[in-house]
Amino acid sequence: MSTLATDGRPEPLVVRSREIEDPGALLALLPPTSDALAWVHGGDGIVGWGRAASYSPDGDDRFDAADDWWAEVVDASVVRDEVELPGSGLVAFGSFTFADGPGSVLTVPEVVVGRRDGRCWVTTIGLSLGPSPALSTSTPTDPSGTLFADEPGRRDDWAATVEAAVRRIQSGELDKVVLARSVDASFEEPLDVRSPLARLASAYPSCWTFHVDGFFGSTPEMLVRLQGGLVTSRVLAGTIRRTGDDARDLSLAASLARSSKDLEEHEYAVRSVADALAPHCTGMNVPESPFVLHLPNVMHLATDVTGVLRDDAGVLALVASLHPSAAVGGTPTADAVRVIAEIEQLDRGRYAGPVGWIGASGDGEWGIGLRSAQVAPDRRGARLFAGCGIVADSSPADELAEADAKLIPVRDALA
Ligand SMILES: C=C(O[C@H]1C=CC=C(C(=O)O)[C@@H]1O)C(=O)O
């Protein structure tokens, strides 16, 4: 939708947020339409629908272009926010591509419903002050007849690509590269994305469950959150699969925390985030050792990096500095991005790109679009993605098994 006035500037939006009684599970409020938007974490978060304004930047300056567009939208809007919590007032949801091609989008919904720390609100956004929407819940239709195409030939090809990457790393060309693979799913009936979203949010409450324009998933990795001057990033890299046996998983967690291959992979990712945030922050805290994050399918080495914003960067400027971190690109970044383009043979689309929301103050939360899938325009298919950090000691068979484990959340949600 174009919201440009004739002079090329965004139309002024009228925005009102007001507190409401708890409406129940946020995802259950989503209508069965493709404009549903979601960002939820442990029951809190925001969902939205309708399209008051949207913008689709591309190219390597897509983050800056989006930031400029957002500044104009904010400038032109009249906001009455009676709630004043992160996510209330004027917000846009967004999803950016991993690479420079088309597909990035920022959308300002017409209705947003949010919950945070027991307080709930509804926001209406439009060209004039409309009536407060009636909120209702509906039960999504589960996927039917799902088939996954994961041919042995494609699996072998990917293992051979990992082997080629290991050789290039061992020859000294680069230190780390993250390689991804995809699996296609098909459905008997057009997918109702609200069903996999509800399943993901229930099975992975510690992850951020998202949906923007057919791109959905449940990511454990927070690229950057900016809230009231505090900058936070959760860096993940280094993975071990869970076995389902708690005692065995505990001993695997201990071995992950000691694994030199995983610690090396993790260190590259933490360094890339700390270096990207340093120019914007004072008082940065970069813990020396990672902790082990337990998810139902895998365990990750994790480090929470924090800092205090020292310039006037909004969250999209921080996203621009951080993307692609070494958790999804590699080290050195430019070499890794080149090697990915040369050998991965995959259009990542929005997978491994930033996904999240921004508010009128420039605060917001952007995760990395992992454990995710892109639904086809006719909704009869979806492409699932998973990737692994490859370093000198990586074994192709282990990486293939790790990618399989990372596909489990979305696979189960679509089955
Ligand atoms: C690239 C992915 O995971 C990243 C995040 C956590 C752990 C990773 C790893 O151990 O390789 C990856 O860097 C993915 O899930 O597709």
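Identification of the protein as isochorismate synthase from Aeromicrobium tamlense is taken from an unreviewed UniProt entry. Among the UniProt annotations of the protein, the heading Catalytic activity (unreviewed entry) holds the following wording: "chorismate = isochorismate". Database annotation for the protein, UniProt heading Sequence similarities (unreviewed entry): "Belongs to the isochorismate synthase family."

S.K.: What is the right way to look at the overall build of the protein in this model?
M.R.: A tally of helices and strands in the protein yields 8 helices and 23 strands. Whereas a compact globule of 415 residues would reach a radius of gyration of roughly 22 Å, the protein reaches 21 Å, a difference of no more than 12%. When its C-alpha atoms are laid out on the principal axes, the protein stretches across 60 × 50 × 45 Å. Burial status across the protein gives 54% buried among its 415 residues. Looking at the protein alone, contacts between residues at least 24 apart form 74% of all its contacts between residues at least 6 apart. Accessible area of the protein: about 16400 Å², with a carbon and sulfur share of 50%. Considering the protein, the positive charge centre built from 35 side chains and the negative charge centre built from 60 side chains are found 4 Å apart.

S.K.: Any chance you could explain the side chain of Ser88 here in plain terms?
M.R.: Relative to the helices and strands, Ser88 resides in the loop between strand E5 (78-81) and strand E6 (91-95). The exposure class assigned to Ser88 is buried, which follows from its relative accessible area of 9%. A polar atom in the side chain of Ser88 sits 2.9 Å from the side chain of Asp81. Not counting residues within four places of it along the chain, the set of residues in contact with Ser88 comprises Ser17, Asp81, Val83, Trp121 and Thr123.

S.K.: What am I meant to see in the site of the ligand here?
M.R.: Around the ligand, a shell composed of 18 residues is seen, among which Thr239, Ala327, Tyr351, Arg371 and Gly387 lie nearest. The contact in question runs from an oxygen atom of the ligand to an N or O atom on the side chain of Glu265, over 3.0 Å. A distance of 2.7 Å is found between an oxygen atom of the ligand and a backbone nitrogen or oxygen belonging to Gly387. Considering the ligand on its own, with 390 Å² of exposed area, one finds that the protein chains cover 100% of that surface. Going through the elements one at a time, strand E15 (230-241), strand E23 (381-390) and helix H8 (396-414) are the ones with two or more residues in the shell around the ligand. Partitioned by chemical class, the residues of the shell around the ligand number 8 nonpolar, 5 polar and 5 charged.

S.K.: I tried to follow the packing of helix H2 (residues 152-170) against H8 on my own but got confused; where do I start?
M.R.: Angle between the axes and distance between the axes: these two values describe a pair of packed helices. For the pair H2 and H8, interaxial distance at closest approach is 9 Å and the crossing angle is 125°. Comparing their axes, H8 and H2 come out oblique. Seen from above, H2 lies across H8 with right-handed handedness. Residue-level inspection shows Arg155, Trp158, Ala159, Val162 and Glu163 of H2 in contact with H8, the latter providing Pro396, Glu399, Leu400, Ala403 and Asp404. Split into classes, the residues belonging to the contact of H2 with H8 amount to 6 nonpolar, no polar and 4 charged.

S.K.: Explain the UniProt feature "domain: Chorismate-utilising enzyme C-terminal" (unreviewed entry) in the protein to me, please; I cannot follow it from the model alone.
M.R.: Under the UniProt annotation, "domain: Chorismate-utilising enzyme C-terminal" (unreviewed entry) lies at residues 155-406. Between the end C-alpha atoms of residues 155-406 the distance is 15 Å, and the span holds 35% helix and 35% strand.

S.K.: How should I be thinking about the packing of aromatic side chains in this particular structure?
M.R.: Applying the stated criterion across every chain, the model contains 6 aromatic pairs. Counting every residue linked through ring pairs, the aromatic cluster contains Tyr55, Trp69 and Trp70. One Lys or Arg, Arg348, reaches over the ring of Phe98 and ends 4.3 Å from the middle of that ring.

S.K.: Would you explain the environment of Cys207 in this entry?
M.R.: Mapped onto the secondary structure, Cys207 falls in the loop between helix H3 (194-203) and strand E12 (208-212). Spatially, the C-alpha atom of Cys207 lies 22 Å from that of Ala320, the residues being 113 residues apart in sequence. Residue contacts for Cys207: discarding those within four places in its chain leaves Val40, His41, Ser218, Thr219, Pro220 and Leu295.

S.K.: Would you explain unusual backbone geometry in this entry?
M.R.: Both trends apply: most residues other than glycine have a negative phi, and most peptide bonds are in trans. Geometrically, the link from His323 to Pro324 is a cis peptide bond, its omega value of -10° lying close to zero. The residue Pro324 is located in the loop between helix H6 (315-322) and strand E19 (330-331) in this model. Even without being a glycine, Gln345 presents a positive backbone phi close to 55°. Inspection of the secondary structure puts Gln345 in the loop between helix H7 (333-343) and strand E20 (354-359). Here Gln345 falls in the exposed class, since its relative accessible area comes to 72%.

S.K.: Sorry, what's going on with the pairing of strand E21 (residues 364-368) here?
M.R.: For a regular strand, the rule is simple: side chains alternate between the two faces of the sheet. Across the 5 residues of E21, 5 count as buried, placing the element largely inside the fold. Residues Gly364, Trp366 and Ile368 point to one face of E21 and Glu365 and Gly367 to the other, with burial holding for every one of them. Pairing analysis gives 5 bridges linking E20 to E21, with the strands arranged antiparallel. Following the sheet pairing, Trp357 is matched in E21 by Glu365. Between the end of E20 and the start of E21, which pair antiparallel, lie 4 residues, with Gly362 showing a positive phi angle near 95°.

So, how was this worked out
Residues numbered from 1 in each chain as written. Predicted model: local features only at pLDDT ≥ 70, side-chain atom pairs only at ≥ 80, totals over all residues. Heavy atoms only, no water. UniProt positions renumbered as here; feature names shortened; annotations may be inferred. Helix = DSSP H or I, 4+ residues; strand = E, 2+ residues; numbered from the N terminus. Rg over C-alpha atoms; globule rule 2.2 N^0.38 Å. Buried < 20%, exposed > 50% of the residue type's maximum accessible area, 1.4 Å probe, protein only. Contact = heavy atoms within 4.5 Å. Areas by Shrake-Rupley, 256 points an atom, 1.4 Å probe, with all protein chains shown as cover. Lys, Arg positive; Asp, Glu negative; His and termini not counted. Charge placed at Lys NZ, Arg CZ, Asp CG, Glu CD. Polar contact = N/O pair within 3.5 Å; in protein donor to acceptor, adjacent residues only side chain to side chain. Near = heavy atom within 4 Å. Nonpolar A, V, L, I, M, F, W, Y, C, P; charged D, E, K, R; others polar. Axes fitted to C-alpha atoms, helices over the stretch in contact; angles between N-to-C directions. Parallel < 35°, antiparallel > 145°, perpendicular 65-115°, else oblique. Left-handed = near helix turned anticlockwise from the far one by under 90°. Phe/Tyr/Trp six-rings, centres within 6.5 Å; stacked < 30°, edge-to-face > 60°. Lys NZ or Arg CZ within 6 Å of the ring centre and 35° of its normal. Pairing = 2+ DSSP bridges.

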